[in-house]
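Structural features, examined
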Amino acid sequence: MNPKIYLSSPHMGGQESEFVSEAFNNNWIAPLGPNVDGFEKDLQVYSGVAHAAALSSGTAAIHLALIILGVNRGDEVLVSSFTFSGSINPIVYQGAIPVMVDSENDTWNIDPELLEEAILDRISKTGKLPKALILVHLYGMPAKLNEIIAVCKKYEVPIIEDAAEALGSSYNGKKLGSFGDLSIYSFNGNKIITTSGGGALLSNNEVWVTKSRFLATQARDSAPHYQHSEIGYNYRMSNIVAGIGRGQMLVLDEWVSKRRAINKWYHKKLAKVDGLSFLTEPDNRYFSNFWLTTIEVDPNTCSADRETIRLALQKANIESRPLWKPMHLQPVFSKYPSYVSGVAQRLFEQGLCLPSGSNMTDEERSHIQDVLSDVFS
Ligand SMILES: *Cc1c(COP(=O)(O)O)cnc(C)c1O
C-alpha cells in the first residue's frame, strides 16, 4: 500500500526552524517576543490591514472579536450556516444566539438576499438588530462581498470576516481579511499555512486590536501587582509558534500558486465527467487560494455518486471528505434560528473535498488520477 495521501498536510518552506532556533538561542520561550511582533508585522503588510494580534487559534480570534463588538447574553449574531463549527461556537461562548443563513450557488458562501431577509425578520421578531455578521469565505472562495457589505452597511451590522480558510485569496485585488470591521485568520495544521496551531485578529481600529491583546493576556491592568477589572483569557500566541509563522509567510504566495495549479489540474482531468462540477471563481474579481479543491456530484447524471468516489479513494489510502455539514443541521445548533434555502444541505449531500496539499508530489497526483479514472470508467 502506498503511503497515505492527505487532504491538506503541513508544508514547511525551510526557514521556519531558523526563526524557532533563534527563539531558543535567546530564551524567548514565552507568549511574547520578537517572533510574535515580527509575525504580526508580516500579517499587516500582507493583508494591508493596519493592526494584527497573533493569538492561540482562529476560534479565539472570533471570540475576542465578538467581545470587542459588545456581544453579550441574549444578543443575536448572524453567521453562514455552511462553515466549520469554529466560526459559530464562540457566539455560544458569549451566551449569544447564532442566526444561521444559507449559501448561494456561485460561491457557496452566505446568500446576500437571504441575509437581508434574515435581518428584516429578526428586527420584526425581536425588535432588535443582530449585533454582528460572521462572514465566512469557505474553501478560500471570496463571498459576494459587494452585495454583502451593501446589506450590512444599510442596516449598520458590523462584519467579523472569518478568513480562516482564505489567507492569500483576494477580491477586486484586495486581500481577504481586509474587508471586515474585524477579521480573523487561522494557522491550524491543515490550513494554507500553519504554525501547528494559531490564529490572528486584524483590524484598522487600533483601539480594538490593543484591547484584544489585553483580553488575550488575562486582562491584566497596568499595576506592579496582578490586578484585574475585567475577565480575561489566555489566548496569546507563543514566540516559538510565531517563529513557524514567520517562516511560513515567506512561502505563502508560492503555496497559493501550487494549490491553484492543483485545482487547474483536477479541472483538466475531470472535465469530461458528466454530472460533476467544481466550485469556480464566478468572475475575475474573485481570486481564490483554492485551499481545497471541491466538487459537486449530481447523482442523477454522474456515473458515480459522492460516496462511491470517496470510498474508492479511501480504499486506495487517499483522503477525501464530504463538504462541511451545515450548522443548522448539527444537533447542537438545530434549536437556533436559521434561514434556509437548501443549498448548503445539497452541497453537504453531494460535495467532496479532494486532496489539495501544496506538497503533493507528481507520483501522488498520478495515483489519484488512476483511482478517479477507474471510478468514472
Ligand atoms: C479552521 C477554521 C476556524 C477556526 O480556526 P482554528 O484556528 O482551528 O480555531 C474558523 N472558521 C473556519 C471557516 C475554519 O476553517
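Right, let's walk through the structure included here. Given the structure is predicted, the values throughout are model-derived calculations rather than measurements. (Residues numbered from 1 in each chain as written. Predicted model: local features only at pLDDT ≥ 70, side-chain atom pairs only at ≥ 80, totals over all residues. Heavy atoms only, no water.)

1. Observations concerning the site of the ligand
Here is the rule we go by: Being near a molecule or strand, for a residue, comes down to having at least one heavy atom within 4 Å of it. Under the rule applied, a polar contact is a pair of N or O atoms within 3.5 Å (in protein, one hydrogen donor and one hydrogen acceptor; residues adjacent in sequence only if both atoms are side-chain atoms). All accessible-area figures derive from a Shrake-Rupley calculation using a 1.4 Å probe, and residue coverage is judged against the displayed protein chains alone. Polar here means any residue other than Ala, Val, Leu, Ile, Met, Phe, Trp, Tyr, Cys and Pro, which are nonpolar, and Asp, Glu, Lys and Arg, which are charged; Gly is therefore polar.
In the neighbourhood of the ligand, 15 residues make up the surrounding shell, with Thr59, Asp162, Glu165, Ser186 and Lys191 lying closest. Glutamate 165 places a polar side-chain atom, nitrogen or oxygen, 2.5 Å from an oxygen atom of the ligand. Note that an oxygen atom of the ligand is positioned 3.1 Å from one of the side-chain N or O atoms of lysine 191. Protein chains bury 94% of the 380 Å² of accessible surface belonging to the ligand in isolation. Per-class residue counts for the shell around the ligand are three nonpolar, nine polar and three charged.

2. A word on the sheet that holds strand S7 (residues 174-175)
By way of backbone hydrogen bonds, the strands of a sheet pair with one another, either parallel or antiparallel. Condition: Being paired, for any two strands, means DSSP has found at least two bridges between them. The numbering of helices and of strands both runs from the N terminus, where a helix is a DSSP run of H or I of at least 4 residues and a strand a run of E of at least 2.
Reading across the sheet, the three strands line up as S7-S6-S11 and stay open at both edges, with antiparallel pairing between neighbours. Strand pairing shows two members of the sheet lacking a second neighbour, S7 and strand S11 (286-287), which therefore form its edges. Relative to S7, strand S6 (residues 170-171) runs antiparallel, the two sharing two bridges. Along S7, the bridge assignment pairs tyrosine 171 with lysine 174.

3. Some remarks on the pattern of salt bridges
Rules: Counted as salt bridges are all cases of a side-chain nitrogen of Lys or Arg within 4 Å of a carboxyl oxygen of Asp or Glu.
A complete count under the given rule lists 16 salt bridges for this structure. Among the salt bridges present, the one from arginine 346 reaches glutamate 296, with a minimum N-O distance of 2.7 Å. Note that arginine 346 is positioned in helix H11 (residues 343-350) and glutamate 296 in strand S12 (residues 293-297), a separation of 50 residues in sequence. The closest approach of N and O atoms between glutamate 307 and arginine 310, which form a salt bridge, is 2.8 Å. Residue glutamate 307 and its partner arginine 310 are both found in helix H10 (residues 306-315); the two are separated by three residues, about one turn of the helix. Each of Glu40, Arg213 and Arg236 takes part in one network of salt bridges that share partners.

4. Observations regarding the state of the cysteines
Basically, it comes down to this: Two cysteine sulfurs form a disulfide in these notes if their separation is within 2.5 Å.
For the coordinates displayed, the defined rule picks out zero disulfides. Cysteine 302 forms no disulfide, and the closest cysteine sulfur to it belongs to cysteine 353, at a distance of 16 Å.

5. Some thoughts on the packing of aromatic side chains
Formally: Pairing of aromatic rings covers Phe, Tyr and Trp, the last through its six-membered ring, and needs centres within 6.5 Å; plane angles under 30 degrees mean stacked, over 60 mean edge-to-face, and all others mean tilted. For a Lys NZ or an Arg CZ to count as sitting over a ring, it must be within 6 Å of the ring centre and within 35 degrees of the ring normal.
Following the criterion strictly, the structure yields ten aromatic pairs and no others. An angle of 10° between the planes, with centres 6.5 Å apart, marks the rings of tyrosine 139 and tryptophan 324 as stacked. Taken together, the residues tyrosine 139 in the loop between strand S4 (132-136) and helix H6 (145-155) and tryptophan 324 in the loop between strand S13 (321-322) and strand S14 (338-339) connect sequence positions 185 residues apart. Counting every residue linked through ring pairs, the aromatic cluster contains Phe82, Phe84, Tyr139, Trp291 and Trp324. If you follow lysine 174 out to its NZ or CZ, it ends over the ring of phenylalanine 179, 4.4 Å from the centre.

Any functional reading would require information that these geometric values do not contain.
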